[in-house]
Amino acid sequence: MLVHVGHSREQCIVTENMHYQVELTLKPLTSIQTPRATVKKPYNFSFPFFAATSPGILHCVYATKMATLKPSFAVAPPNTNPIRFGCFAPQCFVRVPKPPSFHRRFVSTTSLALPRFQRTIRGGGGSLIRCELPDFHLSATATTVADLSTESTVDQTQIPKGEMWSVHKFGGTCVGNSQRIRNVAEVIINDNSERKLVVVSAMSKVTDMMYDLIRKAQSRDDSYLSALEAVLEKHRLTARDLLDGDDLASFLSHLHNDISNLKAMLRAIYIAGHASESFSDFVAGHGELWSAQMLSFVVRKTGLECKWMDTREVLIVNPTSSNQVDPDFDLSERRLEKWFSSNPSKIIIATGFIASTPQNIPTTLKRDGSDFSAAIMGALLRARQVTIWTDVDGVYSADPRKVNEAVILKTLSYQEAWEMSYFGANVLHPRTIIPVMRYNIPIVIRNIFNLSAPGTVICQPPEDDYELNLTTPVKGFATIDNLALINVEGTGMAGVPGTASDIFGTVKDVGANVIMISQASSEHSVCFAVPEKEVNAVSEALRSRFSEALQAGRLSQIEVIPNCSILAAVGQKMASTPGVSCTLFSALAKANINVRAISQGCSEYNVTVVIKREDSVKALRAVHSRFFLSRTTLAMGIVGPGLIGATLLDQLRDQAAVLKQEFNIDLRVLGITGSKSMLLSEIGIDLSRWRELLNEKGTEANLDKFTQQVHGNHFIPNTVLVDCTADSAIASHYYDWLRKGIHVITPNKKANSGPLDQYLKLRDLQRKSYTHYFYEATVGAGLPIISTLRGLLETGDKILRIEGIFSGTLSYLFNTFVGDRSFSEVVAEAKDAGFTEPDPRDDLSGTDVARKVIILARESGLKLDLADLPIRSLVPEPLKGCASAEEFMEKLPQYDDDLAKERLEAENSGEVLRYVGVVDAINQTGTVELRRYKQEHPFAQLSGSDNIIAFTTTRYKDHPLIVRGPGAGAQVTAGGIFSDILRLASYLGAPS
């Protein structure tokens, strides 16, 4: 075999027992022919791929000038069969047990300073090859069918291992420009570890640019040349800003050499219209080479010893069929020892993302593989810790883009981090955890832009960790979107061995990835989630595979449920904490979210549910809030900013900060609507300026649009509409709101005292759903009347009678109607003081009291309508038709004598007049009337506008349960509504 190398006709002669003799000429890569070596100068080879056109091949020899490397094979005495590169030199022999048979194959070499060859020798028998190199020591590796004996003739520098090493990984954002590279160098310098290995990614966006080069070349887009020039310019400008003198010249020389080789490679891809995975990996990995070299130069400028490592010389991985790679730790460890013996240093800057196969073909660790590189290097060095530097403060309890209140987790176990990575959380490369777990090496996630943040530590916590025991059992939540659920169902599946194997064997043949599996214990159905882009191929393959079973009826259906998402709750303590699943599903139910499938492993590190994709963010917020990782957030809409509504908004404004800080309740008013205009906001209205904003930015009122805006915000899982009106038209919307999962709070009595059938329908929906309907303020304003009644009934007590003064206005009138004062005088005084409605007839008619009686009667189980109640109206019959309130007030004194007479009779008997409502549960009736009470009766002792209600029950038969207090006024009514809002927040997960 004769090989022409260099300027003169220097010869390489290979004689294999005189059986084979071939002459090869190595030429630059200039056409679509099989790629060959590009020789720039003698002994400094830099070529992408090498292949022989004859039946023989030289496959992988490593050599470096003046290096001392361990030969990979037995050394034998010289003989007359030399391989000669140039002139006379030391001799190195490789003994091969069998005569070689030569096969054509590609060989990779990419190092700038280290020529990389590979010799594959196969066959039987025995042969001897002698190598002579001028002032080179040779280290050769051979792939052969038979085992090759190895022995070292040169001592190596042993690499120290253990806690003196710290490993750092800096992502593309961290080295995105020259200033950031300086910042990274400063972090490295300030680390007081004895030894440091630093893994770097390509500069920000460079890997994307490299893959774009390949795509353009494959599609024969000539713009790949200008795109390659942009890559060159980006690194040239960065280097000129960072380096100077010999360092700059050296880097730019290597950079231009790489760009020249890439241009030749891309030209070949352009002509072929195709790039193999090896070609793509070779091109894509250059960004890491350049960033590592620049960073090493910057560190050396500070006077520290520093070497850079092309990890393709060290990390050996075996590609798998699932777009993953498996590290070969044993071979990588030997390669690391060899590399370190030639490059001993206390600071090593290593390339992330890239590696080599056992055949020394360049490959990558796939997307986000730099984290994986750092973990592997940490395991090889048995490092003290691995620090992953990124642009966030640590690992969040949920995606902060979806959950604004997501918190940074101080610690995660390896298992928790693994689970969260798998389910798409922005934590680490999913396989990063495995190497460090072997040696219990902690991983720390830190922010290069916020060095004061402590970050998140991923480690194996001690079993008796007191602080861990105090934390919530769920550490975090993650979602995977754009999935479809496939349900295979049929009675013929039960008890038939191999059905599941057939199903998933078919899915495997399609090449689809199964994200989650769920099977009923009856074996009647199996469902599993796959990426939506793969669902059609999977369903077609399954229908083809099970066509006979479908026709015969053994399988009833193969159903595809599109538009799904997976929500996963992750936590190591879930296994030892009862009720976690209950809490999770309760939170989803209260947010009105339906679960389509459930999966949980026996380890209980995660509980996984499948939900509608449109509910993904809403569900994430709901469960995150429920486990106290964020504030309980309510999206609120206020209907009716009149006297009561305006007072409520002011109370919310004054209390919002306290609720958020002390009770973890975040009340966000997203909409305010009146009868004419409305104000909407995506994130929450500034309640300190709501009146001004409503006037300036209000739009035409539209209740449907208002509801959609408030409820359609998926970033807030719980929605409540507060109706502060007395409008029956608004009350008619309650049923639809509750059906849509919107909670309703109101002081409006119209819904609960309206037609009986509508009331029953409304209450039936409320009881069947997890949507809440609170109306405490409908009866007693701020007094706990409804809640007291419910408490009595729910604890088994039986209501006999409810009697009370339910109107603050009428309470004031009859508390003041004493002595010689006329009734009309008292009414005028109350109207002037604002204690009555603008038209006092609304109060005097008794209808408001009657509605309250109906509400309490229905709560007690009586089926009464408003028409069933006899009502004593205090409006004289002739005055009911007055055209205005003014006319009514002018004529009212004419009828003072009738009430004056009743008062006098009561006083003569030692009694007082009180306007009351009565629920007679025994006789199933209700009344509204003017009654007389003895002076010692609790009703006779009221003052001002207080209300009083007496509950007579089987437990409180002799001494009724009395509730007394202010029952009218904007402040107390708004306070009652506010109390209902806080009760709702408590039901939804806020601390009680």
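See the structure shown above.
Now for a description of the structure that goes with this document. Predicted model, so just to flag it, every value in this text is computed and none were measured.

### Some points on the sheet that holds strand 38 (residues 799–805)
And step 1. Reading across from one edge, 40-39-38-41-42 is the order of the five strands in this open sheet, with antiparallel pairing throughout. The strands lining the two open edges of the sheet, one partner per strand, are strand 40 (925–934) and strand 42 (961–966). On average, adjacent strands in this sheet sit at an angle of 20° to one another, irrespective of strand direction.
And step 2. Here four bridges tie strand 38 to strand 39 (residues 911–920), and the two strands are oriented antiparallel to one another. By the bridge assignment for strand 39, G804 is matched with G917.
And step 3. Sheet contacts for helix 26 (residues 808–816): strand 38, strand 39, strand 40 and strand 41 (946–953); angle to strand 39, the most-contacted strand, approximately 155°.

### Thoughts on the packing of aromatic side chains
And step 1. As enumerated under the stated definition, the model contains 13 aromatic pairs in all.
And step 2. Grouped by ring-pair contacts, the aromatic residues Y734, W737, Y773 and Y775 constitute a single cluster.
And step 3. The aromatic ring of F329 is capped on one face by R438, whose charged end is 4.5 Å from the ring centroid.
And step 4. Seen from the ring of Y759, R858 lies directly overhead, with NZ or CZ sitting 5.0 Å from the centre.

### Looking at the state of the cysteines
Cysteine pairs can be covalently joined through their sulfur atoms, and such a bond is termed a disulfide.
And step 1. Following the criterion strictly, the structure yields zero disulfides and no others.
And step 2. The thiol of C564 is not disulfide-bonded; the next cysteine sulfur, from C527, is found 9.6 Å away.

### Describing the pattern of salt bridges
And step 1. All told, the structure shown has 44 salt bridges when counted by the stated rule.
And step 2. Salt-bridge contacts for R613 lead to E532; the nearest nitrogen and oxygen are separated by 2.7 Å. Here R613, found in the loop between strand 30 (606–612) and helix 16 (616–626), pairs with E532, found in the loop between strand 27 (525–531) and helix 13 (535–545); they are 81 residues apart in sequence, far enough to count as distant.
And step 3. E532 gets classed as partly exposed once you look at its relative accessible area, which sits at 22%.
And step 4. D848 serves as the salt-bridge partner of K852, at 3.5 Å between the closest nitrogen and oxygen. Taken together, the positions of K852 and D848, both in helix 29 (residues 847–859) and four residues apart, correspond to about one turn of that helix.
And step 5. Take D848: its relative accessible area is 25%, and that puts it in the partly exposed class.
And step 6. Bridged by salt links that share partners, the residues K161, E333, E337 and R382 form one connected network.

### Considering unusual backbone geometry
And step 1. The backbone of R220 shows a phi angle near 55°, a positive value even though the residue is not glycine.
And step 2. Considering the arrangement of structural elements, one finds R220 in the loop between helix 2 (206–218) and helix 3 (224–242).
And step 3. You can call R220 partly exposed: its relative accessible area is 46%.
And step 4. Within the chain, N440 stands out as a residue other than glycine whose phi angle is a positive 55°.
And step 5. The topology assignment puts N440 in the loop between helix 10 (433–437) and strand 23 (443–447).

### Observations concerning the sheet that holds strand 30
And step 1. Spatial ordering of the open sheet is given by 26-27-25-28-30-29, a layout of six strands whose pairing is antiparallel. Across the chains shown, the open sheet's two edge strands, defined by having one partner strand only, are strand 26 (516–519) and strand 29 (597–600). For this sheet, the mean inter-axis angle between neighbouring strands, taken without regard to orientation, is 30°.
And step 2. Pairing of strand 29 with strand 30, which is carried by four bridges, proceeds in the antiparallel orientation.

### Overview of the layout of surface pockets
And step 1. The volume enclosed by the second largest pocket comes to roughly 1100 Å³.
And step 2. Taken together, 36 residues form the lining of the second largest pocket, with I644, K749, E837, D848 and T973 sitting closest to its centre.
And step 3. Counting residues per element, the ones that place at least two in the lining of the second largest pocket are helix 17 (643–663), helix 24 (777–780), helix 26, helix 28 (841–844), helix 29 and helix 32 (970–987).

### Side note on the nonpolar core
And step 1. Core analysis: the largest hydrophobic core is formed by 68 residues, its most contacted members being I802, L813, F814, F823 and L856.
And step 2. Tallying contributions element by element places helix 29 first for this core, with seven residues.
And step 3. Beyond its immediate stretch of four places on either side in the chain, L813 contacts F823, V826, V827, A830 and L844.
And step 4. Formed by 56 residues, the second largest nonpolar core is a distinct cluster that contains V184, L232, L289 and L295.

Parameters at a glance
Residues numbered from 1 in each chain as written. Predicted model: local features only at pLDDT ≥ 70, side-chain atom pairs only at ≥ 80, totals over all residues. Heavy atoms only, no water. Pairing = 2+ DSSP bridges. Helix = DSSP H or I, 4+ residues; strand = E, 2+ residues; numbered from the N terminus. Axes fitted to C-alpha atoms, helices over the stretch in contact; angles between N-to-C directions. Contact = heavy atoms within 4.5 Å. Phe/Tyr/Trp six-rings, centres within 6.5 Å; stacked < 30°, edge-to-face > 60°. Lys NZ or Arg CZ within 6 Å of the ring centre and 35° of its normal. Disulfide = S-S within 2.5 Å. Salt bridge = Lys/Arg side-chain N within 4 Å of Asp/Glu carboxyl O. Buried < 20%, exposed > 50% of the residue type's maximum accessible area, 1.4 Å probe, protein only. 1 Å grid on protein atoms, 1.4 Å probe; cavity = no way out; pocket = protein on both sides within 12 Å on 5 of 7 lines; lining within 4 Å. Points joined across faces, edges and corners; volume = space filled by probe spheres on them. Core = buried A, V, L, I, M, F, W, Y, C linked by side-chain atoms within 4.5 Å.

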